[in-house]
Amino acid sequence: MKYIKSNFHVEDVNLQKLAKKFDTPFYCYSYEKLKKNIINFKYHFRKLNPLICFAIKSNSNLSIIKEIKKLGLGADVVSKGELAQALKAGINPKQIVFSGVGKSHLELKYAIEKKILLINSESKSEVFEIEKIAKLKKKIVNIGIRLNPNTDAKTLSKISTGKKGDKFGVNEKIFIELVNYIKKSKYINLKCLSVHIGSQIFENKPYEKMLKVINRIVSKIKYEFEYIDLGGGIGIPYQNEKKIFNYNNYQKSIIKYLGKYNSKIIFEPGRSIVGNAGILVSKIIYIKESQSKNFIILDAGMNDFMRPALYGAKHKIIPVNKKNKSSNKIYEFVGPICESTDKFLSIKKFQKLNENELIIICDVGAYGSSLSSNYNLRSKPAEILIKNSRIIIAKKRQKLRDFI
Ligand code: LLP
């Protein structure tokens, strides 16, 4: 994704031309970027030879998941819908793990029928429920237990999951009780210890703390886990910040604390795989001038892309066509929705913009389309995948009749 002369291109497709074919707003993904992210992820952790299960919640588009599958990844799912989507994309059930604090009876039954690799359970009650279903079906079910390592991920509080007040996983005491309980069970097989401390993490420290806790517990209980699932969470830069996650340090820490065990490492990355592979293309409907700033009213709203409204996330905004003329005013990019939080970014000094021009909201490949909604009864945008110059409609724009 880059400017060629002054026009933005996704691979070698000119975005201005592409936007003539599809109604805005629309998501557009670059296969090249996706592939590069996956190759890099594998390369960074090559010493561990891990099983990499893509977190479907970050992007649940079928075409995208199919490509991710072809590039060798499994899936981390959190609902029956995500599991069905992963299977539809052709992912081998033996490369699928199922996470989540509230899997329903029906979801557990479905996962057991599909013979997935692991159900990572997050409470005593869930373990008992799995055992009940397994007994009824006369099956032995492989599970993991998600440990809450009481580790502060030092990320946005809204996306932190590994502290003791968080609803996720079980504490050490319950973890050990469950290990002892499952050892005696005829229907469940404990194969995995899983953790996930949060998302958009940049520092190795929280991960190192988490690894220390895992090491302490595993060496104390002397239980051989076939898998240790470290979850996802690796952060990506959204603005021009210099923050870059140091994969090498993380790999070193994993080897230092867990290398002595024979457990296969599982990762569940989402954002680091798809985050920077997607953009949202939107048209300026109106420009509303006021004394202090200009509101740039876009045809994309918080229903199309939720992160800024939900977490105060800041995503870069750039023009589809670069011009030299700039303005000194503050440009506030907002959506058309009747909520004050429906705003994307304020920018001081931007090129001079006009109504009907196109802009790009960057790095929306993760938690973009998957978090979109029909709020204000607006249709969800189309999703276009560019692969080797081919334009693939990964998802059509929703029609009103699909939901009215
Ligand atoms: N595994 C589990 C159990 C998770 O809960 C998550 C994310 C992941 C893996 C993937 O994490 P990642 O590698 O993408 O950081 N909507 C928020 C992020 C919520 C993350 C929820 N869990 C956002 O837009 O920032």
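Residues numbered from 1 in each chain as written. Predicted model: local features only at pLDDT ≥ 70, side-chain atom pairs only at ≥ 80, totals over all residues. Heavy atoms only, no water.

A. Summary view of the nonpolar core. In terms of nonpolar packing, the biggest core is built from 99 residues, with Phe175, Leu230, Tyr250, Ile254, Leu258 and Phe333 touching the most fellow members. Broken down by element, the residue count for this core peaks at eight residues, all from helix H8 (residues 204–221). When residues of this core are assigned to domains, at least three fall in each of domain 1 (2–29 + 275–403) and domain 2 (31–272). In this structure, phenylalanine 333 is in contact with Ile296, Leu298, Ile317, Lys343, Phe344, Leu345, Ile347, Phe350, Leu353 and Ile359, ignoring residues within four places of it in sequence. By size, the runner-up hydrophobic cluster in this structure holds 19 residues, among which are Leu358, Ile360, Ala382 and Ile386. (Core = buried A, V, L, I, M, F, W, Y, C linked by side-chain atoms within 4.5 Å. Buried < 20%, exposed > 50% of the residue type's maximum accessible area, 1.4 Å probe, protein only. Helix = DSSP H or I, 4+ residues; strand = E, 2+ residues; numbered from the N terminus. Domains from an automatic or database assignment. Contact = heavy atoms within 4.5 Å.)

B. Local environment of helix H7 (residues 172–183). Over its twelve residues, H7 extends 17 Å from the first C-alpha to the last, a length consistent with the 16 Å expected when each residue adds 1.5 Å. Regarding H7, the residues found buried are Phe175, Leu178, Val179 and Ile182. In a view along the axis of H7, the buried residues occupy a sector of 105°, so they form one face of it. If you follow the buried residues of H7, they end up packed against helix H6 (124–137), strand S9 (141–146), strand S10 (188–194) and H8. (Expected span 1.5 Å × (residues − 1). Arc of directions from axis to C-beta.)

C. Geometry of the site of the ligand. As a structural note, the neighbourhood of the ligand is formed by 18 residues, with Ser199, Glu268, Arg307, Tyr311 and Tyr367 the closest of them. Between the ligand and aspartate 76 there is a distance of 3.3 Å, counted from a nitrogen atom to a side-chain nitrogen or oxygen. In the environment of the ligand, an oxygen atom lies 3.0 Å from a nitrogen or oxygen atom belonging to the backbone of glycine 270. Relative to its free-state accessible area of 590 Å², the ligand is covered by the protein chains to the extent of 91%. Partitioning the shell around the ligand into residue classes produces six nonpolar, six polar and six charged. Both domains that meet at the shell around the ligand, namely domain 1 (2–29 + 275–403) and domain 2 (31–272), each give it at least three residues. (Near = heavy atom within 4 Å. Polar contact = N/O pair within 3.5 Å; in protein donor to acceptor, adjacent residues only side chain to side chain. Areas by Shrake-Rupley, 256 points an atom, 1.4 Å probe, with all protein chains shown as cover. Nonpolar A, V, L, I, M, F, W, Y, C, P; charged D, E, K, R; others polar.)

D. Quick peek at the side chain of serine 379. For serine 379, the location among the structural elements is in the loop between strand S18 (358–361) and strand S19 (382–387). What makes serine 379 buried here is its relative accessible area of 12%. Polar side-chain contacts of serine 379 include one of 3.3 Å to the backbone oxygen of glutamine 398. Excluding residues that lie within four positions of it along the chain, serine 379 makes contacts with Asn303, Asp304, Asn374, Arg397, Gln398, Lys399, Leu400 and Phe403.

E. Representation of the environment of asparagine 356 in the model. Position of asparagine 356 relative to the elements: it lies in the loop between strand S17 (343–351) and S18. Not counting residues within four places of it along the chain, the set of residues in contact with asparagine 356 comprises Lys283 and Ile284.

F. Representation of the domain arrangement of the protein chain within the structure. Domain parsing of the protein chain yields domain 1 (2–29 + 275–403) and domain 2 (31–272). For domain 1 and domain 2, the distance between their C-alpha centroids amounts to 32 Å. Tallying the contact residues gives 26 residues for domain 1 and 25 residues for domain 2. Together, the buried faces of domain 1 and domain 2 total about 2,200 Å²; carbon and sulfur atoms form 51% of this surface. The interface formed by domain 1 and domain 2 holds one salt bridge in total. In terms of residue class, the side of domain 1 that touches domain 2 is built from ten nonpolar, eight polar and eight charged. (Buried area = accessible area lost by both parts, 1.4 Å probe. Salt bridge = Lys/Arg side-chain N within 4 Å of Asp/Glu carboxyl O.)

G. Examining the pattern of salt bridges more closely. By the definition in use, this model includes 15 salt bridges. Residues lysine 220 and glutamate 172 are paired through a salt bridge, measuring 2.8 Å at the closest nitrogen-oxygen approach. With a gap of 48 residues between them, lysine 220 in helix H8 and glutamate 172 in helix H7 connect regions that are remote in the sequence. Judged by relative accessible area, which is 48%, lysine 220 ranks as partly exposed. On the basis of relative accessibility, which here comes to 21%, the residue glutamate 172 falls in the partly exposed class. In this structure, the salt-bridge partner of lysine 293 is glutamate 332, at a minimum N-O distance of 3.0 Å. Residue lysine 293 is found in strand S14 (residues 293–298), and its partner glutamate 332 is found in strand S16 (residues 326–334); the two are separated by 39 residues along the sequence.

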